[in-house]
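Overview (structure and organization)
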Amino acid sequence: MRAKASDMHRKDCVKVAVRVRPFNKRERDAGSRCIISLVSTSITIQDPRDCHNRRSFCFDYAYWSHSGFTRDHSGLFVPEEPGGRYADQHSVFQDLGVGILENALQGYNTTLLAYGQTGSGKSYSMVGHGPNKGLVPKLCERLFEAIRGNQENRQCQVFFSMLEIYNEQVVDLLSRGSRTAGGLRVREELQRGFYVEGLRKIPCENALQVEQLMEQGTRTRTTAATHMNANSSRSHMLIILQLKQIFSKESITKQSNINLVDLAGSERQRSSGSEADRLKEGTAINLSLTTLGNVISALADVAVGKKAVHIPYRDSVLTKLLQSALGGNSRTVMIATLSPADICYEESLSTLRYAERAKRIQNKAVVNESPTERLVKELKAENTRLMQKLSRMDQEGRRASDESKELRQLLTQNELQIRAIQTLWEQHLQEALKDWEQQYASITQERRMMQMYPYILNINEDAQLSGVVKLFIQEGEWGIGLCDSSTRSIPIKGLGIQERHAVFRNEQRRVTLTPLTGSKVIVNGNTVYETTELQHLDRLILGSNCTYLFIGYPSERGGDDWSRYDYDYFQSELAAAEGIHLGESSTGSDQTDPSLLAVFYDYIKLMPLVAEANQMSQELNKGVEFKLEIKNLALSDSRGHDLQKDIVVRVTSAGSKQVWMWSKAKFVNRKFLMEEVYQQFKAEQLEDKRVEDLPAVVLPRDKDPFWDPVEPLLLGTAHLWLQSLAFRIPLEEQLEVLGSEGTEEAILQAELLPCTSTGLPLGEDDILIDPSEALGRRLDFQLVLDQCCGVRWIREARNRGIQIGFRVFDCSEPLYTPAVWHNINPLLDHRVQFTSIHTSQRLLDYLQSSAVVLELWGLQEGCTQMNSSLEAVRMTSEGDFIIDESDPSEAALSFSAELSCSVKALQQDLEDQKSLNESLRRENHSLREQLNTAKNGGDIARGRSLRPSCDAEFARALKVFYHSMTSVRAQLQRLRRHRPSEESDLLGLRLFVDEQNRLLRDFSEQLEESVSALKQDVAAIVRRKRERSGIWS
Ligand SMILES: Nc1ncnc2c1ncn2[C@@H]1O[C@H](COP(=O)(O)OP(=O)(O)OP(=O)(O)O)[C@@H](O)[C@H]1O
Ligand SMILES: [Mg+2]
């Protein structure tokens, strides 16, 4: 749903539109949920982890391009039904494009900015894709239509410029010459404001010319990106259409700039996330984007009345060039593009917040109209003033000063400008015409060749840059590589491309590819070493990451659409060849675990970056190698549950054998910095014309993205299960220390020894049958780490060491063994005693269900070893670690609960004792009476007077029964815990059932024994009682 276009720019606030794109393949595969909804111009986003957490925003326009569309016969995406809610390219243009055009024709400067994360649809909205043309081409078409429709009362001139800002350097995308080192300069003039010096402005007469220029610009962008290994989604693309309208009758000139800006992916800014990296400070991944955010925030503050806010326009190239667009003389529209998927929640929310801030910015647009001659007059007057100033300086003898140099430069510029204004439009056109002819000839030539020969087509991470470069393979033998001196060579540049990389042979309409020694060639995911015949739509990767699609002879092509072979396809294929794939479920099922899927996508996303980093390291002679690993693939936590998996990059220095483990975010951040170093190196190499390999590029360590101070490394973990301690049974184990990916890193000998408070081992008599007997009582045990054997880390390099780290129950900080070095089988002989003064239920549960995770840490030369932090640890007077008292209130609670239990038991005891006492008293009484009677009768057998009463015998029998029931209960618990292992096969299950039957048999036998013992006892007591009553009655 959209607002009416007619009221656009009633006020000069920046207008903001949001657009939600369809799911992409990744999101569909991941079974993503749509978390965005639209009602009219209001948009609501829902937190996927908390359905009650919703945020709504209201913008000038909101476009639903997520669903409800279909592809018509010409390939256009249109609403499924007429009037449907799907916003197609046409309707977006009707609102935003028409508004911009009308304003430009009235003489206002206008700006259209596309903002959003990578892949959210910025370029789709701005430039479009195939027949679904975006705002820029549509706007150009309409502009020339409008010009043609009003030819009689005005003369119009349109100049087209296209530039890219990459890493604060401005590149003219239409320049014919070689790239200027350091990029073009951005200058400032009083009247013009900031502008790019020497930027080509090409006069255009129709939309077709503009389209061709855009194609040319995109081609330059693509080749620049591959040559310099630059990431296109880090660059900003600016198209500047300068419209000059001369109303000869009124003697008025209206001049307006239309700035069309496709910004870099917004998430790059936050790529290093919350991750700490020593090189993060002072490194803006994209200074221009950061500054743009700061400018927008500052302007939003001004709009809400905050005074004295500094607007940091001058901090970056982009904001200098957009100064008038933001808060200045321009009518500005921002289109914020969003992915609807739950996995993009954070990014989408951040885009919406950004857009909301932008909405507040107020501009002050004016019609740029001037009497045609005024500007010339003003410039001439300024020149006279400059001349006077210069001659004064000359008289004072300050000829060579900087100031005079600058004045002279200004003079020349002004003169150039005067000449430019006075040069006739026709003259410009004449100059451009020659270019057109050349361009047109090369385009028609390319089209012809496409119908005659097979070719390879570049595939880029940015869909906009894919399919731009076509390299034809004509009949015969063609070398492909850096070398372009031979007439039979196809020159390409890129990371890891050799002088002579491979050879294409096209014979009898069959094309083969032969890799040359030392070069890397991958076909359909597999590295090839020998001549391979290519089939239509084969995927080629040359060097570290130059990706091409092979297009066969026209007869083989059919009507197939190559767009499914996108960059992701290439990388997934490569990952599959390495054994990393999603299996059947990758075809859009719900069964794949989303967290695993995320790891898979991260893996394929990082794979090319790792290949590139390795190549850069090699070319810069850094001697560092990068390798992707899946963290926690085989590891589990203290309860045996799987740990969250993640991608990490293992970095190894070939010379020193030092190893670092970088998180994904740190690697991405460092990769950007490496690119910068690499690009600078390449630019210098180009200037020096040095071709030979240079010695290692030396960088100060605080700026070297390939280097880090060495740190201890987590090599793997082993689990020492604590259950035996709950029964006070000692345990001795040989534990396998497993690395993150399941490799055996070492064997660790460890012991758990229940002991007395003084550390003496407990005997067999102290074994508990029921662990709950330990409740509330003191518990002491020792953890002994005897020896580590076969440590792989040290076997690989003897100058290394290890430490073992562990954490028991509620210890907040881990404890470490002292470091041991240079020994593959190091003796640890480390003993720690832990004490719980009042064992709580929580500790008992912990002992019965958890393990101590013993972490094997690798030490390397130059790294500081880890020390146990003992500040937060409580100790007994004997120096044992006290556990089980983390929360005193909780401990007090559980203690009072235990106390009240014992009080109850005591009360019960008391009652029992009372009744026993009472019965004893009664018995005494009757005994005394009997004694008296006996005394009177004088016939007493002596021993009989000492016989215990029946009640006492009965109590004893009950006690025996109770004890036997305790062991029956333990047996019952053992039975309850007894479960088959998860991996059990049929045989395993059978064995389990047998064992279960045996346990059941034991249990019932014990129960029967206990009950029959009780029965016998009771029967004996009854018998005796009868006998006695026979005697005594
Ligand atoms: N509204 C839409 N309808 C259909 N497809 C779309 C739409 N928006 C984007 N896409 C598709 O999504 C993919 C990514 O879009 P696009 O290249 O425009 O992203 P981007 O924001 O420019 O990314 P980057 O920052 O990397 O340049 C493209 O394949 C594009 O065709
Ligand atoms: Mg883009």
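What you are looking at is a predicted structure, and each value in this text was computed from that prediction instead of being measured.

Moving on, we get to the pattern of salt bridges. All told, the structure shown has 33 salt bridges when counted by the stated rule. Taking the shortest distance from any N to any O, the salt bridge between Glu676 and Arg234 comes out at 2.8 Å. Residue Glu676 is located in helix H15 (residues 664-688), and its partner Arg234 is located in the loop between helix H5 (207-228) and strand S16 (236-247); the two are separated by 442 residues in the primary sequence. With relative accessibility at 2%, the residue Arg234 sits in the buried group. Across the pair Glu533 and Arg510 runs a salt bridge, and its minimum N-O distance is 2.7 Å. Taken as a pair, Glu533 in strand S28 (residues 532-533) and Arg510 in strand S25 (residues 510-515) lie far apart in primary sequence, 23 residues in all.

Where strand S11 (residues 155-166) meets strand S12 (residues 169-172), four bridges bridge the pair, whose relative direction is antiparallel. Pairing of Glu164 across the sheet is with Val171, part of S12. Hairpin connection from S11 to S12: two residues lie between these consecutive antiparallel strands, with Asn167 at a positive phi of about 50 degrees.

Before going further, it helps to examine the sheet that holds strand S3 (residues 42-47). Taken together, three strands build an open sheet; the order of strands is S2-S3-S4 and the sheet is antiparallel. Both edges of this open sheet fall to strand S2 (36-39) and strand S4 (50-58), since each of them pairs with a single strand only. In this sheet, adjacent strand axes meet at a mean angle of 25 degrees when their direction is disregarded. Two elements, S3 and S4, share six bridges in a ladder whose sense is antiparallel. Along S4, the bridge assignment pairs Asp47 with Asp50. Contacts from helix H8 (residues 345-359) reach S2, S3 and S4, with the element oriented near 30 degrees to S4.

Taken together, the neighbourhood of ligand 1 is formed by 15 residues, with Thr118, Gly119, Lys122, Ser123 and Tyr124 sitting nearest. One nitrogen or oxygen atom from the main chain of Gly121 is found 3.1 Å from an oxygen atom belonging to ligand 1. Take Lys122: an N or O atom from its side chain is 2.7 Å from an oxygen atom of ligand 1. For ligand 1, the accessible surface in isolation is 630 Å², of which the surrounding protein chains cover 84%. Broken down by element, the shell around ligand 1 gets its largest block of residues, three residues, from helix H3 (residues 122-126). Residue composition of the shell around ligand 1, by class: two nonpolar, nine polar and four charged.

What counts, and at which threshold
In this convention, every chain numbers its residues from 1, walking through the sequence in written order. To read the labels, note that chains go from A and ligands from 1, taken in the order they are written. pLDDT decides what is reported in this predicted model: residues at 70 or higher carry local features, side-chain atom pairs at 80 or more are listed and counted, and totals for whole chains, interfaces and linings draw on all residues regardless. The basis for every side-chain value is the complete set of heavy atoms in the structure, and neither hydrogens nor water enter the calculation. Put simply, a salt bridge is a Lys or Arg side-chain nitrogen that is within 4 Å of an Asp or Glu carboxyl oxygen. Each helix is a run of DSSP H or I of at least 4 residues and each strand a run of E of at least 2, with the numbering of both proceeding from the N terminus. Each residue is placed in one exposure class: buried if its accessible area under a 1.4 Å probe, protein chains only, is under 20% of its type's maximum, exposed if it is over 50%, and partly exposed if it falls in between. Strand pairing is assigned whenever DSSP detects at least two bridges linking the two strands. Where helices are involved, their axes are fitted lines through C-alpha atoms of the stretch in contact, as for all axes, and angles between N-to-C directions lie from 0 to 180°. Any two residues whose heavy atoms approach within 4.5 Å at even a single point are treated as in contact. Neighbouring residues are identified by heavy atoms, a residue being near a molecule or strand if any of them is within 4 Å of it. Any pair of nitrogen or oxygen atoms within 3.5 Å is treated as a polar contact; in protein, a donor-acceptor pairing is required on top of that, and neighbouring residues in sequence qualify only through side-chain atoms on both sides. Accessible surface is estimated by sampling points in the Shrake-Rupley manner with a 1.4 Å probe; for residues, cover comes only from the protein chains shown. Only Asp, Glu, Lys and Arg are considered charged, only Ala, Val, Leu, Ile, Met, Phe, Trp, Tyr, Cys and Pro nonpolar, and every remaining residue, Gly among them, polar.

All we've got here are geometric facts, nothing functional implied.
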